[in-house]
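Each chain, written out:
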Amino acid sequence: MRGPMIIDSHVHLKHGDTLRTEYDAETIVRVMEKVGIDKSVVFAMSTTTQRSIEMTRAAVERFPDRLIPYVYALPSYERPILEQIEWAVSTLGFKGIKIHAGECSLAEYVIDPVIDLAGRLGVPCLIDCMGRYDAIERMAKAFPETKIIVAHMGKYLCIDERLIDRFITLALTHHNLFLDVSGVVMPWKIQEAVQRLGADRVIFGTDGPHGKPDVVTYARLELEKIRMLNLSPEDEAAVLGGSIARLLGYG
Ligand SMILES: [Zn+2]
């Protein structure tokens, strides 16, 4: 018997690490098969919006049933990116927008047109804000129609419990906020988020592929991180796939 659908909501075709590591669609799908992940949200960063669309489109064309495309929003001197994002979503069927504060300012005069467009197009923004609580609070307030997925529950590999608590509390007031659990190294905070917000606001992702110790073990450990929380079967199913499926309009 098959269990509920498992969706990894945070997978890189191209990472933001110093080497700008790329993984091809074949590797991503091979890991998914070994680990038991049904679908993955894929995107590229450390490149232009245009190139992110090309890379992601090619990957999803190879595995349309397994991979879900997000477009990377990065302001450019070359091309108007709002038009490109709109084209990716409306014409190519991209399902969300990725934003990374390491490459794109979250200042209102830079990012707000993208957040506004996401709300109008009805697609979520997955934002790595690098711990910038104030920026998320401002966007959540200013754009209640835009669904914002806060990557890493606020900050990658964060060991500051109070900072993560602030993001959970912020999501209590702003129902357009969702928390991505990739790169979370205090798993009990995931449990607390489920208790305080409900499982439909908490979203599984691996931030993979990652080569340490190897791509398959990395993904397996991330999945295990959720399963060892002893959530109710309903809550676990929501975190591992149901919440993001609903957000993206699947099932
Ligand atoms: Zn990431």
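Residues numbered from 1 in each chain as written. Predicted model: local features only at pLDDT ≥ 70, side-chain atom pairs only at ≥ 80, totals over all residues. Heavy atoms only, no water.

Draft legend 1. Layout of the overall build of the protein chain. Each helix and strand in the protein chain was counted, giving 9 helices and 8 strands. Computed over C-alpha atoms, the radius of gyration of the protein chain comes to 17 Å, within 12% of the 18 Å expected from 2.2 N^0.38 for 251 residues, which places it in the range of a compact globule. With respect to the principal axes defined by its C-alpha atoms, the protein chain has extents near 50 × 40 × 35 Å. Relative to its 251 residues, the protein chain shows a buried fraction of 57%. Look at the contacts in the protein chain between residues 6 or more apart in sequence, and 75% of them connect residues 24 or more apart. A total of about 11300 Å² of accessible surface is found on the protein chain, and carbon and sulfur atoms cover 52% of it. (Helix = DSSP H or I, 4+ residues; strand = E, 2+ residues; numbered from the N terminus. Rg over C-alpha atoms; globule rule 2.2 N^0.38 Å. Buried < 20%, exposed > 50% of the residue type's maximum accessible area, 1.4 Å probe, protein only. Contact = heavy atoms within 4.5 Å. Areas by Shrake-Rupley, 256 points an atom, 1.4 Å probe, with all protein chains shown as cover.)

Draft legend 2. The coordination of the zinc ion, seen in detail. Every protein donor of the zinc ion is accounted for by H10 (NE2), H12 (NE2) and D207 (OD), and the metal-donor separations fall at 2.1 to 2.2 Å. All donors to the zinc ion come from one chain, and their sequence spacing reads H-x1-H-x194-D. Judged by relative accessible area, H12 falls into the buried class, the value being 3%. (Donors = N, O, S within 2.8 Å, 3.2 Å for Na, K, Ca; no water.)

Draft legend 3. Just the sheet that holds strand β1 (residues 7-14), in detail. Within the open sheet, the 8 strands sit side by side as β1-β2-β3-β4-β5-β6-β7-β8. Their pairing is parallel. The sheet is open, and its two edges are formed by β1 and β8 (202-203), each paired on a single side. Strand direction decides the pairing type here: β1 and strand β2 (residues 39-44), joined by 5 bridges, are parallel. When the sheet's bridge partners are listed, H12 is paired in β2 with F43. (Pairing = 2+ DSSP bridges.)

Draft legend 4. Highlighting the side chain of R201. With respect to the helices, strands and loops of the structure, R201 is situated in the loop between α7 (187-197) and β8. For the buried R201, which has no salt bridge, the nearest side chain bearing the opposite charge is D200, at an N-O separation of 5.7 Å. Only 3.0 Å separates the side chain of R201 from the backbone oxygen of H174, close enough to count as a polar contact. Contacts of R201, omitting those with residues within four sequence positions, involve A171, H174, H175, L177, F178, L179 and S243. (Lys, Arg positive; Asp, Glu negative; His and termini not counted. Salt bridge = Lys/Arg side-chain N within 4 Å of Asp/Glu carboxyl O. Polar contact = N/O pair within 3.5 Å; in protein donor to acceptor, adjacent residues only side chain to side chain.)

Draft legend 5. Looking closely at the side chain of H12. Tracing the sequence through the fold places H12 in strand β1. A polar contact is formed between the side chain of H12 and the side chain of D207, at a distance of 2.9 Å. With residues up to four places along the chain from it excluded, the contact list for H12 reads Y23, I28, F43, M45, K98, D207, G208 and P209.

Draft legend 6. Structural context of the packing of helix α5 (residues 133-142) against helix α6 (residues 161-173). Contact geometry of α5 with α6 gives a least axis separation of 11 Å together with a crossing angle of 5°. The angle between the axes of α5 and α6 places the two elements in the roughly parallel class. Between α5 and α6, the contacting residues are Y133, D134, I136 and E137 on the first element and R166, F167 and L170 on the second. Residues that form the contact of α5 with α6 fall into these classes: 4 nonpolar, no polar and 3 charged. (Axes fitted to C-alpha atoms, helices over the stretch in contact; angles between N-to-C directions. Parallel < 35°, antiparallel > 145°, perpendicular 65-115°, else oblique. Nonpolar A, V, L, I, M, F, W, Y, C, P; charged D, E, K, R; others polar.)

Nothing here speaks to function; it is geometry throughout.
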